[in-house]
Amino acid sequence: MKEALKMPLRFAVLALIFMGVAALSNRPLYRSLPEGTGMLTLSFSHGADRRAACRKATPEELAKLPPNMRRPEICPRDRPPIRVEFDIDGKRMFEAEVPPSGIASDGPSRVHQRFVLPAGEYEIAVRMSERPDGDFTWHEERTIRIDPSNSRVIDFRANAGGFVFH
Amino acid sequence: MAGVGGRRRTNDWPVLRHAKKGLRRIFDLSERGAERLFSPVLNPLAQLGALSFFLFWVVAVSGIYLFIFFDTGIVDAYSSVEWISGQHWYHAGVMRSFHRYASDLMVVSVAIHLLREFSLDRYRGTRWFSWVTGIPLIWFLYISGITGYWLVWDMLAQYVAVVSAKLLDVFPVFGEPLARNFLTPQHLSSRFFSLLVFLHIAVPLILLLGMWIHTQRISRPKVNPPRLLAALMLSALLGVSLWKPTLSQGPADLTHVPAEVGLDWLFLPLYPLAEAWGEWSLWGLLVGVSVMLAAMPWLPPFRRAPVAKVDLPNCNGCNRCVEDCPYEAIRLVPRTDGEPFPHQAEVNANLCVSCGICMGACPSSTPFRRQQDLKTGIDLTGQPLRDVRESVVAASAELKGTRRVLVLACEHGAGGGDLGGVVTFPCVAMVPPSLIDFILSKDLAEGVVAAGCSESTCYNRLGGEWTKQRFAGERDPYLRKRVERERLATIWASPFESRRYEAEKAAFAARLETLEKAAQRAATEGESDTRLEVEA
Ligand code: HEM
Ligand code: SF4
Ligand code: SF4
């Protein structure tokens, strides 16, 4: 091959490879959510009430403690789990007893669940209890609308009055 | 006898041997094509490590340039990148495309580099170090790329953020799940974004440190491609940057899911898998593959050939073997035997790959010596100079006729598979130039073929270059001037090119015949034959 021809040919070969690489760097398109659907995320991070697991100390237990440490109740350092129930249109979508996080089990319990739903209106019911037993202290029912590729979020903040819908 | 005829077989598992052979065939075809188009010196496939380094520098320089215009706050990051690709497309925008495409190309060149080293079986035995230190580089390269995609804070960045957060949240090290940072616009934290900006600068620096460590056990590592190749790459990058400038994919919007994104399939091919398989499976795959790669140098352990050994009475500390060893396995140390030289050579057996190049470099490696027990300054214990001389004499005895061609072949090239009249070596540069002088002057053959492996891709690194320089009289030890160059042919051919090898060898033999006839004619005309003027 003629030397003069080689240089443009070398350039062409490299440019062709580079074009292939450049094309792969954003094609083919990737669809992460089916067409006509949206996402509902149930996400919160909330510590259950530590006192919920306290119990009355027995006289024997009290006797074992030094006098300045005697308290009528014994409270474990661990947080108890929280309980969560989540219904869409009356159907149970999620139900769990979520243990606390952290090595010492004293961190908040975390929930992060994503639901892919066809666009439309839904009756949502969400309940949470900070005690392993008893009634759900926090609960909320609502109708929400999800548009295609919408991202809706249900968060929880006790100081904002409970569940927060975004 | 060591080294006469036939290729030595290394121990390997059949599956791996076949995988390597198949890959080798593909590489060989592409490399020969690339050699023809680019010339052996510019062959991109023969210098993928150097190309990866070069691409790293392109990414680094373009990144620094972009950083001047980039707003590191999460609120303005997107608009600053839009400004780069919009109003200022002709400088900053082009740099953005350079930054993106050079990174993508680095992924490609590293991947091919890995496959190629694998196909050449250059990762076991002593060479484990380069292989094992290469693996973290893949991780750093990917982390660099992924954090980069995040910084644009467009829809792709949002997708990357959400999936990365899910991947990281399986480890309970963050107080609050990372995923909660990307729930809604209100949750977005600029602190986390600053951390990303920091990571996108720090991780590439760690990558660079890793690249430096990666080449520590190699002497004269090729970390820069030739200028012409670099210029070609830059112009091709410029062409692609103008043809298809890198653009953002619309601002991130946490009230919507980035349902359809243009994914970088080189950096992010596993992100869809994280969603499909779940985070734990993906981590399992990544860690599993990394551990398997790291274990490969010992799967199965390489049966190492005996290493090089110094023979002090024949070493004067001239440094030639140190210069020529491709793996930094030899150094000069103070003399220990009281001889009047300041230094002596010392081999580090842990670094030696038994290529024999040092033996070919030592001025004491001359077969003309009359000693019964022929010795040299540094010798390959598995195939010492004494055996080499014997093999050459034995191979010569196999040759008949008036155009006897004796082949000194690299066992990794086409000549290594030749039969009859062949002496094989771990590398063609193990041949001391005086051996060729010896063969011709002792009339052991009419011609000598030095048969290497393929020209641009010496199995042992540097061997081809040293051989050419020694024959051309540019590197010690020289091939003496009195050696008739017409009687020496160098053939560079890979094991898959045996046909071309045979053809070149036959053509050489034919040339020898005319040479012989001319010599005979000259002799009958009473002129002296230069070939007879040799020392006994
Ligand atoms: C950023 C990524 C990388 C860069 C910049 C790089 C660069 C280099 C360079 C410059 C060399 C020396 C080449 C020579 O002069 O002969 C080399 C050798 C080598 N590389 Fe890499 N490399 C990278 C990744 C990897 C990876 C991922 C692997 C495999 C796991 C790998 C395996 C090797 C091996 C085995 C050698 C030594 C070959 C021999 O012993 O002759 N490299 N690399
Ligand atoms: S045999 Fe090769 S690797 Fe070993 S010391 Fe000699 S030149 Fe270096
Ligand atoms: S080339 Fe030979 S003489 Fe020179 S330092 Fe090495 S072993 Fe010694």
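Looking at an unreviewed UniProt entry, one finds chain B named 4Fe-4S dicluster domain-containing protein and attributed to Borborobacter arsenicus. Under the Subunit (unreviewed entry) heading, UniProt states for chain B: "The main subunits of complex b-c1 are: cytochrome b, cytochrome c1 and the Rieske protein."

K.L.:
Before we move on, could you go through the UniProt feature "coiled-coil region" (unreviewed entry) in chain B and cite the residues and values that matter?
P.N.:
Following the UniProt record, the feature "coiled-coil region" (unreviewed entry) maps to residues 498-525 of chain B here. Between the C-alpha atoms that bound residues 498-525 of chain B there is a distance of 40 Å. The span itself is 96% helix and 0% strand.

K.L.:
Please set out the site of ligand 2 residue by residue, giving values where relevant.
P.N.:
The full set close to ligand 2 counts 13 residues, and Cys325(B), Cys352(B), Cys355(B), Gly356(B) and Cys358(B) are the nearest of them. In the shell around ligand 2, the residues fall into eleven nonpolar, two polar and no charged.

K.L.:
Before we move on, can you summarise the confidence of the model for chain B with the specific residues and values?
P.N.:
Residues and elements named next belong to chain B. Mean pLDDT over chain B stands at 90; residues scoring 70 or higher make up 96%. With pLDDT under 50 throughout, residues 1-6 is counted as low confidence; its partners more than four residues away or in other chains account for 19 contacts. Here residues 529-536 is modelled with pLDDT under 50, and outside its nearest four sequence neighbours on either side it reaches 15 contacts, counting other chains as well. Confidence metrics for the complex model read pTM 0.88 and ipTM 0.86.

K.L.:
Give me the lowdown on the interface of chain A and chain B, citing residues and values where you can.
P.N.:
Contacts between chain A and chain B engage 38 residues on the former and 49 residues on the latter. Carbon and sulfur atoms make up 65% of the surface buried where chain A meets chain B, a total of about 4,000 Å² over both sides. The three residues of chain A that bury the most area against chain B are Arg10(A), Phe18(A) and Tyr30(A), which together make up 18% of that side's buried surface. On the surface where chain A and chain B come into contact, there are two salt bridges. The interface formed by chain A and chain B contains 18 residue pairs in polar contact (both at pLDDT 80 or more). Elements with a contribution of two residues or more to the side of chain A that touches chain B: helix H1 (3-24), strand S1 (29-31), strand S2 (37-46), strand S7 (109-118) and strand S10 (151-157) of chain A. By residue number, the principal contributor to the side of chain A that touches chain B is H1(A), which donates 14 residues. Split by residue class, the side of chain A that touches chain B holds 20 nonpolar, eleven polar and seven charged. Across three bridges, S1(A) lies against strand S1 (residues 260-262) of chain B in antiparallel orientation. Residue pairing in the sheet places Tyr30(A) in a bridge with Val261(B) of S1(B).

K.L.:
Outline the site of ligand 3, listing residues and values.
P.N.:
By nearness alone, every residue bordering ligand 3 is listed as Cys315(B), Asn316(B), Gly317(B), Cys318(B), Asn319(B), Arg320(B), Cys321(B), Ala345(B), Cys362(B), Pro363(B), Gly377(B) and Ile378(B). Here the residues of the shell around ligand 3 are counted per class, giving seven nonpolar, four polar and one charged.

K.L.:
Explain the pattern of salt bridges to me, using residue names and the numbers behind them.
P.N.:
All names here are of chain B. Enumeration over the complete set of coordinates arrives at 40 salt bridges over all chains. Glutamate 35 is the partner of arginine 32 in a salt bridge, and the nearest nitrogen-oxygen pair spans 3.2 Å. With arginine 32 and glutamate 35 both in helix H1 (residues 14-38) and three residues apart, this pair spans about one turn of that helix. Each member of the pair arginine 32 and glutamate 35 is classed as buried. Among the salt bridges present, the one from arginine 482 reaches aspartate 437, with a minimum N-O distance of 2.9 Å. In this pair, arginine 482 sits in the loop between helix H15 (463-471) and strand S9 (488-492) while aspartate 437 sits in helix H14 (residues 433-441), placing the two residues 45 residues apart along the sequence.

K.L.:
So what's going on with the packing of aromatic side chains? Which residues, and what values?
P.N.:
Residues and elements named next belong to chain B. Applying the stated criterion to the full structure yields 20 aromatic pairs over all chains. Aromatic side chains tryptophan 153 and phenylalanine 182 sit 6.0 Å apart centroid to centroid with 45° between the ring planes, which places their arrangement in the tilted category. Of this pair, tryptophan 153 sits in the loop between helix H5 (128-151) and helix H6 (155-169) while phenylalanine 182 sits in the loop between H6 and helix H7 (190-214), and the two are 29 residues apart along the sequence. Comparing tryptophan 153 with phenylalanine 182, the two get one shared label, buried. Here arginine 461 stacks its cationic end above the ring of tyrosine 327, 5.9 Å away from the centre of that ring. Over the face of the ring belonging to tryptophan 466 we find arginine 475, whose NZ or CZ atom lies 3.5 Å from the ring centre.

K.L.:
Describe the nonpolar core, naming the residues involved and giving the relevant values.
P.N.:
General note: in soluble globular proteins, nonpolar side chains tend to be found buried as a group. All names here are of chain B. With 71 residues, the main nonpolar core has Trp153 and Leu268 as its most contacted residues. Counting residues per element, this core draws most heavily on H6, which supplies eight residues. Contacts of leucine 268, omitting those with residues within four sequence positions, involve Ile146, Tyr149, Leu156, Val160 and Leu263. Among the nonpolar cores identified, the runner-up in size contains 56 residues, and Leu120, Ile218, Cys427 and Leu488 belong to it.

K.L.:
Describe the domain arrangement of chain B, naming the residues involved and giving the relevant values.
P.N.:
Interfaces are often sized by the accessible area lost when the parts come together. Residues and elements named next belong to chain B. Split by domain assignment, chain B resolves into domain 1 (47-159 + 180-258) and domain 2 (308-526). If you look at the interface, domain 1 gives 13 residues, while domain 2 gives 17 residues. A buried area of about 1,200 Å², summed over both sides, lies between domain 1 and domain 2, and 43% of it is on carbon and sulfur atoms. Per-residue buried area on domain 1 facing domain 2 is highest for Arg127, Ser219 and Arg220; these three make up 45% of the total on that side. Summed over the shared surface of domain 1 and domain 2, the number is one salt bridge. One salt bridge in this structure joins glutamate 323 and arginine 220, with 3.0 Å as the shortest N-O distance. If you look at where domain 1 meets domain 2, you find eleven residue pairs in polar contact (both at pLDDT 80 or more).

K.L.:
Would you mind going over the state of the cysteines in detail, with residue names and values included?
P.N.:
Counted under the stated rule, the structure contains zero disulfides over all chains. The thiol of Cys453(B) is not disulfide-bonded; the next cysteine sulfur, from Cys410(B), is found 4.1 Å away.

K.L.:
How would you explain the sheet that holds S10(A) if you had to name every residue and give the values?
P.N.:
Strand pairs in the sheet, formed through backbone hydrogen bonds, run parallel or antiparallel to each other. All names here are of chain A. Strand order in the open sheet formed by four strands is S7-S2-S10-S11, and the pairing between neighbours is mixed. If you trace the sheet from one side to the other, it starts and ends with S7 and strand S11 (162-165), each paired once. Between one strand axis and the next, the sheet turns through 15° on average, direction left out of account. Bridge count between S10 and S11: four bridges; the pairing is antiparallel. When the sheet's bridge partners are listed, isoleucine 154 is paired in S11 with phenylalanine 165.

Parameters at a glance
Residues numbered from 1 in each chain as written. Chains lettered and ligands numbered in written order. Predicted model: local features only at pLDDT ≥ 70, side-chain atom pairs only at ≥ 80, totals over all residues. Heavy atoms only, no water. UniProt positions renumbered as here; feature names shortened; annotations may be inferred. Helix = DSSP H or I, 4+ residues; strand = E, 2+ residues; numbered from the N terminus. Near = heavy atom within 4 Å. Nonpolar A, V, L, I, M, F, W, Y, C, P; charged D, E, K, R; others polar. pLDDT = per-residue confidence, 0-100. Contact = heavy atoms within 4.5 Å. Buried area = accessible area lost by both parts, 1.4 Å probe. Salt bridge = Lys/Arg side-chain N within 4 Å of Asp/Glu carboxyl O. Polar contact = N/O pair within 3.5 Å; in protein donor to acceptor, adjacent residues only side chain to side chain. Pairing = 2+ DSSP bridges. Buried < 20%, exposed > 50% of the residue type's maximum accessible area, 1.4 Å probe, protein only. Phe/Tyr/Trp six-rings, centres within 6.5 Å; stacked < 30°, edge-to-face > 60°. Lys NZ or Arg CZ within 6 Å of the ring centre and 35° of its normal. Core = buried A, V, L, I, M, F, W, Y, C linked by side-chain atoms within 4.5 Å. Domains from an automatic or database assignment. Disulfide = S-S within 2.5 Å. Axes fitted to C-alpha atoms, helices over the stretch in contact; angles between N-to-C directions.

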